[in-house]
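# Working through the structure, step by step
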Amino acid sequence: MTKFADFHIHLSLKHLINKGEEGRKDIWDSIRYNPSKHKPKRASSDKYDQSDLSLLVDENVKMAVIALHPVEVIVRKSWVNRLIGKFIFGFELDRLKKWAQDSVKSFSILNRELEVVFSLPDQDDYRKNFPSHLAKGNRRAIFPTNADELNDEETTKLFLSVEGAHALSNLPFEAQGEELEKEVLKNLHHLQYERNIPIFSLTLCHFANNYLFKQSWALPLPKVVDFLKIPGKDLLESQEEPINKHGLKVIDQCLDPSKGKRILIDTKHLHIDARYVYYQLLLDKGPNPLDTSENPSEYYAPIIASHSGVSGMRNKEEALQVGRAKREGHKNKYQRFNPWEINICDEELPIIMKSKGMIGISLDQRILGTENNDYVKAVCNHLKDKYGKVTWRKMGKAKRTEMIHAALFLDNLLYIVHKMGSEKAWDCICIGSDFDGVIDPIDCCPTVSYFSSFEKLLVDDFDKLRYKAEEEIYIPNGKSLQALFRGVFYDNLEKFIKDNFCCLPSSVPLESIS
């Protein structure tokens, strides 16, 4: 059976924000997608699950990086915020209200999410231990803690990622400076060295200001929002400094390789100013002390962007000129992709490759460019020409949309290879779906169950779906399309994780980290 891997996927976010005050406590719980009943849209509330642990096992997803994400305070701050969370994301009002009433902070929610992920009974002292093996019926999954488990080819392997440094603080959201630094480093140490939880990566920020890292504008909102009094709306504005001195301390603790528990930094959601500061930091600290190959990377650690797309902007200067209004991508001056600076510009792509990093391509249709009207229209005309007008018309609207979305995904992928400018680029790309981060998925792959058919479509219809055939895509001699897409859907991420996962069980006193 064909294996699959995903660089960024949520299994427990909806468990915390659905079903009223109690939430969904069983990580194996599954609400399956039914194409005759559901539309391939944002799977809000309890309509269906784009991803869940049962689905991963059943669909042979053998490696998955699981994102842990306590929803930010702006979603639960007041009844206005909670209504927005309900209508945009489908979050349950009762749950958000309960958190607000109890003044529940982010690190506490993160620990609750870990309880769900690890299937810990309430009486367990979840702050002291965790089970590395999960099972229900015939289904099995593991959180590898040694080389034998990492190389287990038969079992679904899970790796943890914390999405947003805000998740590491129980202080009021507006806390900052040395107080915030100490809180984040203390709780990060607690997870790494007291609970011995094997964290693979940390996304430094999300869509709200965390007073450590400058974040990208990730929620382009309707213009009417500018005139609404929404508590905490100012938190969507980013700080001026790309990475402040307190944020640098967090990065240092994560990347420290000396104690066998290095955590990779995920650059997704970082503002492009902060991304460039981070790239230079890695270059200044390099080479990579854990790269034992004949040609070690000159960067201190591999650069990862776990669930991204490309902007089509040539460099940082161009990217910074793109507005952040909801309909910015509709403007006809942007002929391709989603131009928001949250996506990766051309200049960044070779840097990621040189660092021996990895890009997970998101399956969020917004990230891939569906809001860019001219782009979608041009791709539609291209497909009509390739398939023939009669065949294109007979497909029907739903099928045509699926094909357009597949072409957008492929165009993002091939553009990455083209701009990296090397055969090695094919080893730097994987799937980073962001499933059940409550996204609006591409219609041709709305859930994990569609990985197999999606891969087959990309291979079988490659020449028709390929939008810019004149662009060089550096296919290695002797490599088939099937082998290249096997890399994208499994092999690349498997190798990357095996090369970069640090999981030695140990206990280190806090004073030795600070």
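Residues numbered from 1 in each chain as written. Predicted model: local features only at pLDDT ≥ 70, side-chain atom pairs only at ≥ 80, totals over all residues. Heavy atoms only, no water.

Both the distance between ring centres and the angle between the ring planes are used here to describe each pair of aromatic rings. Counted under the stated rule, the structure contains 20 aromatic pairs. Judged by centre distance (6.3 Å) and plane angle (80°), the rings of Phe4 and Phe489 are edge-to-face. Highlighted residues: Phe4 in strand 1 (residues 4–9) and Phe489 in helix 18 (residues 481–500), separated in sequence by 485 residues. Both residues of the pair, Phe4 and Phe489, count as buried. (Phe/Tyr/Trp six-rings, centres within 6.5 Å; stacked < 30°, edge-to-face > 60°. Helix = DSSP H or I, 4+ residues; strand = E, 2+ residues; numbered from the N terminus. Buried < 20%, exposed > 50% of the residue type's maximum accessible area, 1.4 Å probe, protein only.)

Of all residues in the protein, 82% have pLDDT values of 70 or greater, and the mean over the chain is 87. Taken together, the stretch residues 506–514 has pLDDT below 50 and engages in 18 contacts with residues farther than four places along the chain or on a different chain. (pLDDT = per-residue confidence, 0-100. Contact = heavy atoms within 4.5 Å.)

Helices that pack against each other are described as a pair by the angle of their axes relative to one another and the distance between those axes. At a minimum axis separation of 12 Å, helix 5 (residues 106–117) and helix 7 (residues 177–194) run at an interaxial angle of 15°. The angle between helix 5 and helix 7 falls in the class roughly parallel. Crossing of helix 5 over helix 7 shows right-handed handedness. Here helix 5 contributes Phe107, Leu110 and Leu114 to the contact with helix 7, which in turn contributes Asn187, His190 and Leu191. By residue class, the composition of the contact of helix 5 with helix 7 is four nonpolar, two polar and no charged. (Axes fitted to C-alpha atoms, helices over the stretch in contact; angles between N-to-C directions. Parallel < 35°, antiparallel > 145°, perpendicular 65-115°, else oblique. Left-handed = near helix turned anticlockwise from the far one by under 90°. Nonpolar A, V, L, I, M, F, W, Y, C, P; charged D, E, K, R; others polar.)

Turning to the environment of Ala175, a few remarks are in order. Structurally, Ala175 is set in the loop between strand 5 (156–163) and helix 7. Residue classification places Ala175 among the buried positions, given a relative accessible area of 8%. Sequence separation between Ala175 and Asn210 is 35 residues; the distance between their C-alpha atoms is 8.5 Å. Residues contacting Ala175, with those up to four places away along its chain left out, are Leu180 and Tyr211.

What follows deals with the pattern of salt bridges. A side chain with one charge may pair with a side chain of the opposite charge, provided their charged atoms come close. For the structure on display, the rule yields 23 salt bridges. Of the charged contacts, one joins Lys249 and Glu181 as a salt bridge, the two residues approaching to 3.4 Å between their closest N and O atoms. Here Lys249, found in helix 8 (residues 245–255), pairs with Glu181, found in helix 7; they are 68 residues apart in sequence, far enough to count as distant. Residues Lys399 and Glu402 are paired through a salt bridge, measuring 3.7 Å at the closest nitrogen-oxygen approach. Highlighted residues: Lys399 and Glu402, both in helix 15 (residues 397–420), separated by three residues, approximately one helical turn. Residue class for Lys399 comes out partly exposed when judged on its relative accessible area of 38%. (Salt bridge = Lys/Arg side-chain N within 4 Å of Asp/Glu carboxyl O.)

A few words on helix 9 (residues 272–285). In a regular helix each residue adds 1.5 Å, so 14 residues correspond to 20 Å; helix 9 covers 20 Å between its end C-alpha atoms and thus fits that length. Buried within helix 9 are the following residues: Ile272, Asp273, Ala274, Arg275, Tyr276, Tyr278, Tyr279, Leu281 and Leu282. (Expected span 1.5 Å × (residues − 1).)

Moving on, we come to helix 8. Listed as buried for helix 8 are His246, Gly247, Val250, Ile251, Gln253, Cys254 and Leu255. Contacts from the buried residues of helix 8 go to helix 7, strand 6 (199–203), strand 7 (264–266) and helix 9. Capping the start of helix 8 is the job of one residue whose side-chain oxygen sits 3.0 Å from the backbone nitrogen of His246: Asn244. (Polar contact = N/O pair within 3.5 Å; in protein donor to acceptor, adjacent residues only side chain to side chain.)

Let's shift gears to the pairing of strand 9 (residues 358–361). Residues Met358 and Gly360 line one face of strand 9 and the alternating positions Ile359 and Ile361 line the opposite face, and both faces are buried. The pairing of strand 8 (residues 304–308) with strand 9 spans three bridges and is classified as parallel. Looking at the pairing, Ser308 lines up with Ile361 of strand 9. Note that strand 9 and strand 10 (residues 429–431) share three bridges and pair parallel. Looking at the pairing, Gly360 lines up with Cys430 of strand 10. (Pairing = 2+ DSSP bridges.)

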